Amino acid sequence: MRNKFAFILPFLLLLLVTNSLYAEDGYRLWLRYDQLNDAARLKDYRKAISGILVDGDSPTLLAAEKELKMGLDGLLGKAVPLTEKLTRKGAIVAGTPESSPLIRSLNINDKLQEVGEEGYLILSTTINGKKVTAIAANTAVGVLYGSFHFLRLLQTTQDISRLSISSSPKTEHRVLNHWDNLDRTVERGYAGFSLWDWHKLPDYIDQRYIDYARANASIGINGTVLTNVNANALVLTEEYLIKVKALADAFRPYGLKVYLTARFSAPIEIGGLKTADPVDPQVQQWWKDKASEIYSHIPDFGGFLVKADSEGQPGPHNYKRTHAEGANMLADAVAPHKGIVMWRAFVYSHEAPDDRAKQAYNEFKPLDGKFRDNVLVQVKNGAIDFQPREPFHPLFGAMPETPLMMEFQITQEYLGQGTHLAYLAPMWEEVLDADTYAKGKGSTVAKVVDGSLDNHSLSAMAGVANIGTDRNWTGHQFGQANWYAFGRLAWNPYLSSEEIAEEWIKMTFSNKEEVVSAIKTMMLNSHEAVVNYMTPLGLHHIMGWSHHYGPGAWIKDKHRADWTSVYYHKADENGVGFDRTKTGSNAVAQYFPPVEEEFSNPEKTPEKYLLWFHHLPWDYKVESGRTLWDELALRYQSGVDTVRQMQRTWDALEGKVDPERFRHVKTFLEIQEKDAEWWRDATLLYFQTFSKRPLPEGVEKPTKSLDYFMKLDPKFVPGI
Ligand code: GCV
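In this text the structure is predicted, and so the values were computed from the model without any measurement. (Residues numbered from 1 in each chain as written. Predicted model: local features only at pLDDT ≥ 70, side-chain atom pairs only at ≥ 80, totals over all residues. Heavy atoms only, no water.)

Participant: Explanation requested: the overall build of the protein chain in the structure shown.
Facilitator: The number of helices and strands found in the protein chain is 23 helices and 15 strands. For a compact globule of 720 residues, the expected C-alpha radius of gyration is about 27 Å, and the protein chain comes in at 27 Å, within 12% of that figure. Overall, the C-alpha framework of the protein chain stretches about 80 × 80 × 55 Å when taken along its three principal axes. Here the analysis covers contacts within the protein chain between residues at least 6 apart in sequence; of these, 73% occur between residues at least 24 apart. Only carbon and sulfur atoms are counted for the fraction: they give 52% of the accessible area of the protein chain, which is about 28200 Å². Both charge centroids of the protein chain, one from 80 positive and one from 91 negative side chains, sit 5 Å from each other. (Helix = DSSP H or I, 4+ residues; strand = E, 2+ residues; numbered from the N terminus. Rg over C-alpha atoms; globule rule 2.2 N^0.38 Å. Contact = heavy atoms within 4.5 Å. Areas by Shrake-Rupley, 256 points an atom, 1.4 Å probe, with all protein chains shown as cover. Lys, Arg positive; Asp, Glu negative; His and termini not counted. Charge placed at Lys NZ, Arg CZ, Asp CG, Glu CD.)

Below, the structure is given as structure tokens:
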């Protein structure tokens, strides 16, 4: 026995070592760089690529060189040498005309001019009679972005023999918003704690910071707001600014600028002033001095993000001033340093009698044209709050004199949080493609956001991050796809969610066609599935109180009516839905005429927004010819069915994706199925108390009572 064991032991150990070496825990995100398993492509690439030649020694060019080296070594499964001279064909030559004589020799200034500050060219060309691939840009960060693009071509096994790529970002500021608190909790964060280890900063620079910056650079994200919009003024004190500087220094080589949230009452809380009134000269001076202090530590500081007069945050209204007066004061403070202010339009008050969906428009539309040139108004994709589905926010198109930036929520506060697979790009695409008709047909939200509709050079897109200390960064392996998709859409809001999914799958899981198409189908159906089992047909905000996990259509009688579910669904014996037409709140009037008409008429309103705009009888006939009640019930069932279909698809991938991530996703899909059933049963039982109709055929009978569901009270849900 002993002998036999001694014989087996080395093999066991070897197995262990090999396993841990190749363990796939998701840490590497989409930057995996494992040797390609497409033999034909691998052979071509090995033949085509002989070396890496990056002229210039700025930290950003060095980062590009390092990434190319790491990526090519890994993907090609052989060491690709770094060279200083062009001695052989097949070099990857990267640089700017300034840093690299070889790039200069290409005489491509005209083409480079077109791609601007951050864009790049990737060209199959010839230098000194030798075939090369040139990655050229006007700036080092452009070279870095181009290098990531080139690696992506290999990761997705594209033909690289005749490249003529020109790419530049359509929005200027592509920014993650971290709702991270200084104690490292993350509001609406479902992936562990905050990445920022304030206690160990500025001394300890975690490798995670670098990998975070790399990941962002790989998709063109160029800004990060480190702190929660529900802000703490402490971060603006010297003690913290030194820590912020350390992060900014770590991110800088990757083109990632740091921003902070500005608490409006900071002059009182940390400045010792008696007021924070934006027209008070002392307050204005305080912010100017504060800005100079910040810039003395961080010369390329991006600016401020502000949530004011919203959900208890202080703001200019405390002093009877407008949002423009508040924003402009901060804008004046950062303007000499080329900083910007991103001022959020997410405002509503439970004391205002009007429909919450109308309040931001009412507040901001009259301020159009009153903001300084370095202010962007940051608008959520919809008028309520990151619901599983919302019609586009009526402010888009309504403030032509003001650059409006998009705020998407990458973290899935209302979409199953850390455990549900919901690929969000189709939802974002739906909003970006929506036509506001602000300047006639074709005035899409994307054109408002990228500035092209109203000729704004200042443009931006923000995404509320889903990133934390979890080893796989985003809690759910598929949460990574939403981070990735946000970056890609911020770079180019006209990309399709399908092509983004395809890229991500190939880089993250596998290039094998059967795997790609199976995972792609799962991803592309996943958002609709979540909408169906949570809030079909335009229902919204019927989640569990405060934590927003699980169903809670019965929530009522709280201190704020606009945080209850009954405020939004208005179910009664006659029907369900929020009447936002003329007979109701008339929120439809905030849209431009053809859209307004469409949303005013239930027959013309896209069914996905039906109950958002209309209160309709339970036996109202919908497009399928069914009654509203039957359709609603069947949609809930269809949400559950799609999750089960996703489970079958995933199960069939066993052995085709690595076991660790396979198990992770499989288990999470089980949670999702359970939750989808919970949503269906609880919500239908509740609405049935009004509709008094039986569940239609095809809908599974609930196994528990409404009373049971109403008593469920999950404790310590993360992210609050
Ligand atoms: C950061 C929702 C969330 C809040 C969040 C707020 C906002 O209301 O539930 O957690 O606060 O949006 O976007 O400011």
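Participant: I would appreciate a short explanation of the sheet that holds strand β5 (residues 164-167) in the present structure.
Facilitator: Backbone hydrogen bonds hold the strands of a sheet together, and the pairing may be parallel or antiparallel. Read from one edge to the other, the open sheet built from 5 strands follows the order β1-β2-β4-β3-β5, with strand pairing classed as mixed. Lying at the two open borders of the sheet, with one neighbouring strand each, are β1 (51-54) and β5. This sheet shows a mean twist of 25° between the axes of neighbouring strands, independent of strand direction. Of the pairings in the sheet, the one linking β1 to strand β2 (residues 91-95) comprises 4 bridges and is parallel in character. Bridge pairing in β2 places L53 opposite V93. (Pairing = 2+ DSSP bridges. Axes fitted to C-alpha atoms, helices over the stretch in contact; angles between N-to-C directions.)

Participant: Teacher, can you tell me more about unusual backbone geometry here?
Facilitator: Following L201, the chain continues to P202 via a peptide bond in cis, the omega torsion being 5°. On the secondary structure map, P202 appears in the loop between β6 (173-177) and α7 (207-218). Here L29, not a glycine, exhibits a phi torsion of approximately 55°, which is positive. Considering the arrangement of structural elements, one finds L29 in the loop between α1 (2-21) and α2 (39-48). The class for L29 is buried, based on a relative accessible area of 3%. (Buried < 20%, exposed > 50% of the residue type's maximum accessible area, 1.4 Å probe, protein only.)

Participant: Can you walk me through the environment of K365 in this structure?
Facilitator: Examined against the element boundaries, K365 turns out to sit in the loop between α12 (356-364) and β11 (375-380). Classification of K365 by relative accessible area gives partly exposed; the value is 33%. When the C-alpha atoms of K365 and Q590 are compared, they prove to be 9.9 Å apart, with 225 residues separating the residues in sequence. For K365, the side chain forms a polar contact with the main-chain oxygen of A398, separated by 3.0 Å. (Polar contact = N/O pair within 3.5 Å; in protein donor to acceptor, adjacent residues only side chain to side chain.)

Participant: What exactly am I supposed to notice about the confidence of the model for the protein chain here?
Facilitator: Low pLDDT means the predicted atomic positions in that stretch should not be read closely. Summing up the model confidence of the protein chain, the mean pLDDT is 96 and the portion of residues at 70 or higher is 97%. A low-confidence stretch, residues 10-20 (pLDDT under 50), is modelled with 0 contacts involving residues beyond four sequence positions or located in other chains. (pLDDT = per-residue confidence, 0-100.)

Participant: Just checking my understanding: could you explain the pairing of β2 for this structure?
Facilitator: Burial runs high along β2: 5 of the 5 residues are buried. Every second residue of β2 is oriented toward a common face, with A91, V93 and G95 on one face and I92 and A94 on the other, all of them buried. In this region the chain leaves β1, passes through helix α3 (residues 59-76) and returns to the parallel neighbour β2; the handedness of that crossover is left-handed. Across 5 bridges, the pairing between β2 and strand β4 (residues 130-136) is parallel. Directly across from V93, in β4, lies its bridge partner A134. (Right-handed = clockwise from strand over helix to strand, strands pointing away.)

Participant: Mind showing me how you'd approach the sheet that holds strand β9 (residues 303-306) here?
Facilitator: Taken in spatial order, the 8 strands close into a barrel running β6-β7-β8-β9-β10-β11-β12-β13, and their pairing is parallel. Taken over all neighbouring pairs, the strand axes of this sheet differ in orientation by 25° on average, direction set aside. Note that strand β7 (residues 223-225) and strand β8 (residues 257-261) share 3 bridges and pair parallel. Bridge pairing links V225 to Y259 in β8. Across the sheet, helix α11 (residues 323-334) is in contact with β9, β10 (340-344) and β11; its angle to β10 comes to roughly 160°.

Participant: Any chance you could explain α3 here in plain terms?
Facilitator: Each turn of an α-helix holds 3.6 residues, which means side chains three or four residues apart point in the same direction. With 18 residues, α3 should cover 26 Å at 1.5 Å per step; its first-to-last C-alpha distance of 25 Å lies within 8% of that length. Here α3 has its buried residues at T60, L61, A63, A64, E65, E67, L68, G71, L72, L75 and L76. Against the buried residues of α3 lie α2, β1, β2, β4, α6 (140-155) and α7. Just downstream of α3 lies G77, where phi reads positive at about 65°. (Expected span 1.5 Å × (residues − 1).)

Participant: Where do I start with the domain arrangement of the protein chain in this structure?
Facilitator: How big an interface is tends to be stated in terms of accessible area lost as the parts join. Looking at the assigned domains, one finds that the protein chain contains domain 1 (2-167), domain 2 (186-495) and domain 3 (532-578 + 615-711). For domain 2 versus domain 3, the distance between C-alpha centres works out to 31 Å. Contacts between the two partners involve 25 residues from domain 2, matched on the other side by 27 residues from domain 3. Taken over both partners, the interface formed by domain 2 and domain 3 buries close to 2200 Å², and the fraction arising from carbon and sulfur atoms is 57%. The interface formed by domain 2 and domain 3 contains 0 salt bridges. Summed over the shared surface of domain 2 and domain 3, the result is 15 residue pairs in polar contact (both at pLDDT 80 or more). (Domains from an automatic or database assignment. Buried area = accessible area lost by both parts, 1.4 Å probe. Salt bridge = Lys/Arg side-chain N within 4 Å of Asp/Glu carboxyl O.)

Participant: Any chance you could explain the UniProt feature "domain: Glycosyl hydrolase family 67 catalytic" (unreviewed entry) in the protein chain here in plain terms?
Facilitator: Those residues carrying the UniProt feature "domain: Glycosyl hydrolase family 67 catalytic" (unreviewed entry) are residues 154-473 in this numbering. As a span, residues 154-473 carries 26% helix and 13% strand, and end to end its C-alpha atoms are 24 Å apart. (UniProt positions renumbered as here; feature names shortened; annotations may be inferred.)

Participant: Help me understand a positive patch on the surface in this model?
Facilitator: Together, K43, R46, K47, K78, R88, K89 and K131 line one region of the surface with positive charge. The residue R46 is located in helix α2 in this model. (Patch = residues over 30% accessible without salt bridge, like charges linked within 9 Å, V, L, I, M, F, W, Y side chains within 5 Å.)

Participant: Just checking my understanding: could you explain the UniProt feature "domain: Alpha glucuronidase N-terminal" (unreviewed entry) in the protein chain for this structure?
Facilitator: Sequence positions flagged by UniProt for "domain: Alpha glucuronidase N-terminal" (unreviewed entry) are, in local numbering, residues 29-150. Annotated as residues 29-150, this span is 41% helix and 20% strand, and its ends, taken at the C-alpha atoms, are 17 Å apart.

Participant: Would you explain the packing of α7 against helix α8 (residues 238-251) in this entry?
Facilitator: To characterise two packed helices, one gives the angle between the axes of the helices and the distance between these axes. Two numbers describe how α7 lies on α8: the axes approach to 9 Å, and their chain directions differ by 50°. Viewed along their axes, α7 and α8 adopt a mutual orientation that is oblique. Our pair here, α7 against α8, has a crossing hand that is right-handed. Across the interface between the two elements, Y209, I210, Y212 and A213 from α7 touch L247, A250 and F251 from α8. Looking at the contact of α7 with α8 residue by residue, the class counts come to 7 nonpolar, no polar and no charged. (Parallel < 35°, antiparallel > 145°, perpendicular 65-115°, else oblique. Left-handed = near helix turned anticlockwise from the far one by under 90°. Nonpolar A, V, L, I, M, F, W, Y, C, P; charged D, E, K, R; others polar.)

Participant: Explanation requested: the nonpolar core in the structure shown.
Facilitator: Across soluble globular proteins, nonpolar side chains have a tendency to be buried as a group. In this structure, F150, F251, W287, W483, W650 and F687 are the most contacted members of the largest nonpolar core, which totals 227 residues. Of the residues forming this core, the biggest block, 12 residues, is contributed by helix α22 (residues 659-691). If near-sequence neighbours (up to four positions away) are discounted, F251 is found in contact with W196, Y209, Y212, A213, T224, L226, L256 and V258. One finds L106, V115, L121 and L123 within the second-largest nonpolar core, a separate group that totals 16 residues. (Core = buried A, V, L, I, M, F, W, Y, C linked by side-chain atoms within 4.5 Å.)

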